[in-house]
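# Structural characterization, general
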Amino acid sequence: MMNVVLVFIALVVFAAVVAYRTISRRTLKDVRGPASPSFVFGHMMMLNHQKEVGEYDDQFVPLYGTAWRTKECWGKDVLTLTDPKALQHIYHKSGYNYPKTVVARYITRQITGDGILFAEGQDHNRNRRIMNPAFTAGQLRTFLPLFRRVAAKLSQKWRDVLQTATTEAEQVINVHSWLGRTTLDVIGEGTCCKYDAHYVRVLLECPLRSRDSLLYPSKMTILFRSLWKYIPDRLLRLIVYLPGREYRRLRHTLLVINRISRQLIEEKTEACLSGKDENRKDIMSILVKANMSENPKTRLTNTEMIAQMATFLFAGHETTASSTTWLLWELAKHPEVQDKIRHEISAIRARVSARGDADFQVSDFDAMTYTIAVIKESLRLHPIVPTLVREASRDDVIPLEFPVTSTTGEVISEIPVTKGQLISAQAGVGPGRRSFNPDRFLEEKGRSTSVGVLANILACTGAGIRACIGVLEMQALLVELLENFEFGIPSDKPDIIRLPSGLMIPMIRGKIHLGSQMPLKVTVIQ
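Now for a description of the structure that goes with this document. (Residues numbered from 1 in each chain as written. Predicted model: local features only at pLDDT ≥ 70, side-chain atom pairs only at ≥ 80, totals over all residues. Heavy atoms only, no water.)

## Focus on the pairing of strand β11 (residues 519-524)
One ladder, built from three bridges, connects strand β3 (residues 172-174) with β11; its direction is antiparallel. Bridging from a neighbouring strand, I173 pairs with L520 of β11. Inspection of the sheet shows strand β8 (residues 485-488) paired to β11 by four bridges, in the antiparallel sense. In the strand pairing of β11, G488 is matched with K521. (Pairing = 2+ DSSP bridges. Helix = DSSP H or I, 4+ residues; strand = E, 2+ residues; numbered from the N terminus.)

Below, the structure is given as structure tokens:
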């Protein structure tokens, strides 16, 4: 009897999927794209098992332009976009009309819990209202001394390591590992929280555990996720308790982070209530005070507060560390760009000295136009979340900056979509998408299209309305490191790949078992 019921439920779900597919595909019938290799899996196995980020996009862009159609499971259409104007429309002008998909939200929930990265609609607004006081422009400016101080510590540690180096091998540093520890220090000091060596080790291991769980999902996992949209929310919340290996690893990781987060929040709340942290301006103090002063009906729950802290601890340090890693890799390949940045830093440093200041102010960083252009270009070329999937919440028309040719041969500059249409935004948007060219951001001032946090960027786990705040931290790290070190590619020229594992992670081809790797030759500037 139970088997009959399960078969009936499966048939109902399948019929709903097919009906939904029939309705939703109408507006994309004239958009070109590769033939689907499978009705059941569509292109999902191919796209989820890329050896490197962009492996298939690089094939499709020359064929179809900046917009093309792929297939999800059960033949459902997906509109894939790299067009800057289209992405600006989706993530900025109409941000809340394109919420995250159920799959994206619940995978995020497995990693960080019920925080701002999981929330949508009014819940997302409520989360932002509580968090905004900690992330105003004025508050962010107060973080610069912290960023500079922690960057200086990293610089000194590298000097200590390199002072005894006598061979090139001893000059090669896995910068990703070091940057992960550094950005974790920033989170710790920025939240005014101290964690012991055990916590540090656990927090550094957590991203690795999550990557292993998200990398190359099985056929059954892909099919199961394709049905999440039709599962009630109350049941879907129970997927974290499934017995599969990936679920167990993610569940254990989140439990550990939540335990750390809960302890830190309790300590901070007690300090705020006792008046010990009354004048503190760190992130955790501001969040706790903002939440305590909020209307009880709109306050964040304990679960949500813990999830916010988990987001800071886990997502915050890993995203900035990886983004800075890719930036240093590009600079190692382009020593002439390093020299131009150093020249700019030196000129600004002279201004700082002339006015009698000891260190840079935020206004000095703002004046480093070429340095900012280099950071923008690295984020454009290596967005830490290479694919962002959204679902249209209502009928819309998406404009294109670069017109594409339809299946009928017509050149189109906009694409109509219906409610429920899946849209996938891909990494490396814009002309010359795979070339490293910082000058494009110095030449674009007259352009009307600006995508992402900084021009043509999909740099953060939400982009647009959900923009992240790590760019100032990246610049602080970069300025400190380039004033003190030169970066180069080691003589053995390791083959670095951009592994698609939730975040875009650097690894050495053929040596994935070593984990995250970005070996660079680092030389002290005397």
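## Section: the packing of helix α5 (residues 102-112) against helix α14 (residues 245-274)
As a packed pair, α5 and α14 sit with axes 7 Å apart at the nearest point and diverge in direction by 50°. Compared by their axis directions, α5 and α14 come out oblique. Contact residues: R109, Q110, I111 and T112 in α5; Y247, L250 and L254 in α14. Of the residues belonging to the contact of α5 with α14, the class tally is four nonpolar, two polar and one charged. (Axes fitted to C-alpha atoms, helices over the stretch in contact; angles between N-to-C directions. Parallel < 35°, antiparallel > 145°, perpendicular 65-115°, else oblique. Contact = heavy atoms within 4.5 Å. Nonpolar A, V, L, I, M, F, W, Y, C, P; charged D, E, K, R; others polar.)

## Some words on the sheet that holds β3
With respect to topology, three strands assemble into an open sheet ordered β3-β11-β8, the strand pairing being antiparallel. Edge positions in the sheet fall to β3 and β8, since each of these pairs with one other strand and no more. Strand after strand, the sheet turns through a mean of 45° between neighbouring axes, direction not considered. Helix-sheet contacts for helix α8 (residues 144-162) involve β3, β8 and β11, and the interaxial angle to β8 is about 70°. Packed on one face of the sheet, helix α20 (residues 471-484) meets β8 and β11 and runs near 95° to β8.

## Looking at the nonpolar core
One recurring pattern in soluble globular proteins is that nonpolar side chains are buried together. Counting residues in hydrophobic clusters, the biggest one holds 77 residues, and the most contacted among them are W158, L328, L331, I341 and F487. Here the element with the most residues in this core is helix α16 (residues 302-333); it accounts for 12 residues. For L328, the residues in contact, after removing those within four places along its chain, are V175, L179, L478, L481, F487 and L520. Core analysis: the next-biggest nonpolar cluster, separate from the first, contains 28 residues, L79, A86, L400 and V404 among them. (Core = buried A, V, L, I, M, F, W, Y, C linked by side-chain atoms within 4.5 Å. Buried < 20%, exposed > 50% of the residue type's maximum accessible area, 1.4 Å probe, protein only.)

## Re the packing of helix α17 (residues 335-354) against helix α19 (residues 369-381)
When two helices pack together, you describe them by how their axes are tilted relative to each other and by the distance separating the axes. The contact between α17 and α19 brings their axes to 8 Å, and the two run at 140°. For the element pair α17 / α19, the angle class is oblique. The residues of α19 that touch α17, namely those facing V337, K340, I341 and E344, are T369, Y370, T371 and V374. Looking at the contact of α17 with α19, its residues break down into four nonpolar, two polar and two charged.

## Quick notes on the packing of aromatic side chains
In total, this model carries 12 aromatic pairs according to the counting rule given. Relative to W178, the ring of W158 lies with its centre 6.4 Å away and its plane at 80°, an arrangement referred to as edge-to-face. In this pair, W158 sits in helix α8 while W178 sits in helix α10 (residues 175-190), placing the two residues 20 residues apart along the sequence. Its relative accessible area of 0% is what places W158 among the buried residues. By relative accessible area, W178 is classed as partly exposed at 26%. Put simply, the rings of Y56, F60, Y64 and W68 pair up and form one aromatic cluster. Directly above the aromatic system of F118 lies the positively charged group of R105, at a separation of 4.2 Å from the ring centroid. (Phe/Tyr/Trp six-rings, centres within 6.5 Å; stacked < 30°, edge-to-face > 60°. Lys NZ or Arg CZ within 6 Å of the ring centre and 35° of its normal.)

## Let's talk about the sheet that holds strand β1 (residues 67-71)
Within the open sheet, the four strands sit side by side as β1-β2-β7-β4. Their pairing is mixed. Of all the strands in the sheet, just β1 and β4 (387-391) have a single pairing partner and so form its edges. Adjacent strand axes in the sheet meet at a mean angle of 30°, parallel and antiparallel pairs treated alike. In the packing of helix α3 (residues 57-64) onto the sheet, the strands contacted are β1 and β7 (422-426), and the crossing angle to β1 comes to about 125°.

## So, the side chain of E304
Counting through the fold element by element, E304 comes out in helix α16. Not counting the four nearest positions on each side in its chain, E304 is found in contact with D114, R126, N127 and R299.

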